[in-house]
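Here's the letter readout for the chains.
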Amino acid sequence: MALSQGGKTRDGWSSRSAFILAAIGSAVGLGNLWRFPAEAGANGGGAFVLFYILCVLMIGLPILLSETLIGRHGQASAPESVRRVAKASRVSSHWDILASMGVLAAFMILSFYCVVGGWVLYYIGQFMADIFASGVTGGAFEGRPAEEIEALLPNLFGNGILMVGLNALFLGFTLFFVARGVSGGIELVAKWMMPAFFILLIAITVYGAFGGAFSQTVSYLFTFEPEKLTGPVMLAAVGQAFFSLSLGVAGMITYGGYVGRNVNLGSTSAIISSADTAVALLAGLCIFPIVFAAGLSVAAGPGLMFQTLPHAFQEMPAGSVVGLLFFIMVGFAALTSSVALLEVPTAWLIDKFRFVRPVSASIVAGGAMILGALAALSFNELADWHPLDFIPLFAGQGFFDVLDGITAKLLMPIGALLTALFIGWFADRKLVDLENGLGGWLHLFWLFLVRFVCPIALIGILVVGIFPGMF
Ligand code: PFF
């Protein structure tokens, strides 16, 4: 749909449901399927999960609404949208720093996100090869020892050229959709892939529930043991909530910029965050029964999805097909998120330099390809290169971890903190009331969260993230 702004028309979502699907596509990704189960398993289950839900409600949802509100008012790229809200509120246009940092953060996340997207492509290839070699009925990788299955990931890490190539391939898919535009590309990928994703997730969860340890999983994920709620567990939960809802990187400001005036942003934000949380919980209910049933540990951290789960598929009837479908589903989810990540800097380049969309998207993708290649090589050829060794927070870390650390520990929380301060304390009240679609006490409660709860929580995250040894 073409949106009109200041006499000019701009490509936008064709309907409210298209926006909802695209925003859910941005939110649902590797964060839900890979990071959430890994964090929940490594942080003791129920305490993490319940605190996570609280963070989504008290911090994630209010910031999500603040970001979409800025975008919808501005109808432009993220920094320009912030400037327009600042101008209408008669405050300094320098608030646009919150969105400029977001553009940088999105670019950096894109660079390492597509490296992990490349790992997903690798596993899709492995399961396909297994089906060609031994048919569809048996378990995955039949007859191969468990160590060999778990070694698939370290073997990939040892092959720098393959990792760089897979990263480029994943980035290429992402570029293809972003270059085609908002309604004809980004919306298209969300419209087809998100429903397919939901069908696959529910089918695999139901399948795993019958053969797997479902009741053990439910009690593990939902039994609240207060003594397990330690400082690091809380911090992990807040950080995960932010990453999962795509906050603090101007992503939702950018997507909000394509939303029409008739959409109620309050209820829409509630739908987006509920769907994202439901998918994270379903991912836990999908993965844990399979892993528990195979007698394996759920506390494997990042290796849970790429090492433990493929090994667990060995025990399952038709495990190679289920494994293939599982990784295709992860690929869909990752692609709709990487599309959002590429869109943020692309929209900024289009606004700033008036480049046409395919050129802007290609420039960003080219830059991300270079950073991504360095990140991929930090697992092998460049393993000894620690670019920020002189900063204690990043000492001893390779380039992949540095990109992850700068964005998760600094850029995302600072971006979200500035957003909360800007909307809570500086933006014009009438403008905010008009845009947010909330009435009565809900509006007051939201304002209370944005003004007080979010800034305090975010300052806490920043301090603990920067000085981990102090606590
Ligand atoms: N929310 C995505 C995930 O959970 O995988 C990651 C992400 C996508 C972060 C888009 C930020 C963003 F702008």
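Residues numbered from 1 in each chain as written. Predicted model: local features only at pLDDT ≥ 70, side-chain atom pairs only at ≥ 80, totals over all residues.

For the chain, an unreviewed UniProt entry supplies the name Sodium-dependent transporter, NSS family protein and the organism Aurantiacibacter atlanticus. Note on the chain: under the UniProt heading Subcellular location (unreviewed entry), the record states "Membrane". (UniProt positions renumbered as here; feature names shortened; annotations may be inferred.)

Colleague: Talk me through helix α19 (residues 440–466); I want residue IDs and the actual numbers.
Modeller: Taking 1.5 Å of rise per residue, 27 residues should cover 39 Å, and α19 covers 38 Å from first to last C-alpha, within 8% of that figure. Taking the largest bend as the criterion, α19 deviates by roughly 35°, centred on Leu449. Among the residues of α19, Trp446, Leu449, Val450, Cys454, Ala457, Leu458 and Ile461 are the ones counted as buried. Summarising the contacts, the buried residues of α19 are in contact with α3 (46–74), α11 (231–244), α17 (399–426) and α18 (429–436). (Helix = DSSP H or I, 4+ residues; strand = E, 2+ residues; numbered from the N terminus. Expected span 1.5 Å × (residues − 1). Bend = angle between axes of the 7 residues up to and from the residue. Buried ≥ 20, exposed ≤ 12 C-beta atoms within 10 Å, placed from the backbone. Contact = placed C-beta atoms within 7 Å.)

Colleague: Break down helix α1 (residues 16–27) for me, citing the residues and quoting the values.
Modeller: Its 12 residues place the ends of α1 16 Å apart at the C-alpha level, agreeing with the 16 Å of an ideal helix rising 1.5 Å per residue. Counting buried residues along α1, 10 of its 12 residues qualify, which places the element largely inside the surrounding structure. Of the surrounding elements, those touching the buried residues of α1 are α9 (182–211), α11, α12 (251–256), α13 (265–293) and α15 (319–353).

Colleague: How would you summarise the site of the ligand if you had to cite specific residues and measurements?
Modeller: In the vicinity of the ligand lie 16 residues, with Gly29, Gly31, Ser246, Gly251 and Ser337 positioned nearest. Elements represented by at least two residues in the shell around the ligand include exactly α1, α2 (30–42), α5 (97–134), α11 and α15. Of the residues contributing to the shell around the ligand, the split by class is 8 nonpolar, 8 polar and no charged. (Near = placed C-beta within 6 Å. Nonpolar A, V, L, I, M, F, W, Y, C, P; charged D, E, K, R; others polar.)

Colleague: Account for the environment of Leu65, with residues named and values stated.
Modeller: Among the secondary structure elements, Leu65 is positioned in helix α3. Under the C-beta neighbour-count criterion, Leu65 is labelled buried, with 29 such atoms within 10 Å. Taking the C-alpha atoms as reference points, Leu65 and Gly266, 201 residues apart in sequence, are found 6.4 Å from one another. Not counting chain neighbours up to four residues away, the residues in contact with Leu65 comprise Leu265, Gly266, Ser269, Asn436 and Trp446.

Colleague: How would you summarise the environment of Glu227 if you had to cite specific residues and measurements?
Modeller: Among the structural elements, Glu227 can be located in the loop between α10 (214–222) and α11. Distance from Glu227 to Ala47, taken between C-alpha atoms, is 8.3 Å for residues 180 residues apart in sequence.

Colleague: Outline unusual backbone geometry, listing residues and values.
Modeller: Of note, Gln75 is a non-glycine position whose phi angle comes to about 50°, a positive value. One can find Gln75 in the loop between α3 and α4 (78–88).

Colleague: Quick one: what's the story with the packing of α5 against helix α8 (residues 160–179), residue by residue and with numbers?
Modeller: Contact pair α5 / α8: the axes reach a minimum separation of 7 Å and the direction vectors enclose 105°. On the basis of their axis angle, the class for α5 and α8 is roughly perpendicular. In this structure, α5 contributes Cys114, Val115, Gly117, Gly118, Leu121 and Tyr122 to the contact, and α8 contributes Met163, Leu166, Asn167, Leu169, Phe170, Leu171 and Thr174. Split into classes, the residues belonging to the contact of α5 with α8 amount to 9 nonpolar, 4 polar and no charged. (Axes fitted to C-alpha atoms, helices over the stretch in contact; angles between N-to-C directions. Parallel < 35°, antiparallel > 145°, perpendicular 65-115°, else oblique.)

Colleague: Explain the environment of Val364 residue by residue, including any values.
Modeller: Relative to the elements of secondary structure, Val364 occurs in helix α16 (residues 357–377). Put simply, Val364 and Ala427 are 63 residues apart on the chain and 31 Å apart in space, counted from C-alpha to C-alpha. Not counting chain neighbours up to four residues away, the residues in contact with Val364 comprise Phe107, Leu342, Pro345, Thr346 and Leu349.

Colleague: With reference to specific residues and values, describe the confidence of the model for the chain.
Modeller: Detailed reading of the predicted coordinates is not advisable wherever pLDDT is low. Residue-level pLDDT values for the chain average 92, and 97% of them are 70 or greater. What the predictor reports for the complex is a pTM of 0.94 with an ipTM of 0.99. (pLDDT = per-residue confidence, 0-100.)

Colleague: So, the packing of α4 against α5: which residues are in play, and what are the values?
Modeller: Close contact between α4 and α5 brings their axes to 8 Å; oriented N to C, the two are set at 170°. Relative to α5, the element α4 is oriented roughly antiparallel. Between α4 and α5, the contacting residues are Ala78, Pro79 and Val82 on the first element and Leu98, Ala99, Ser100, Gly102 and Val103 on the second. Counted by class, the contact of α4 with α5 contains 6 nonpolar, 2 polar and no charged residues.

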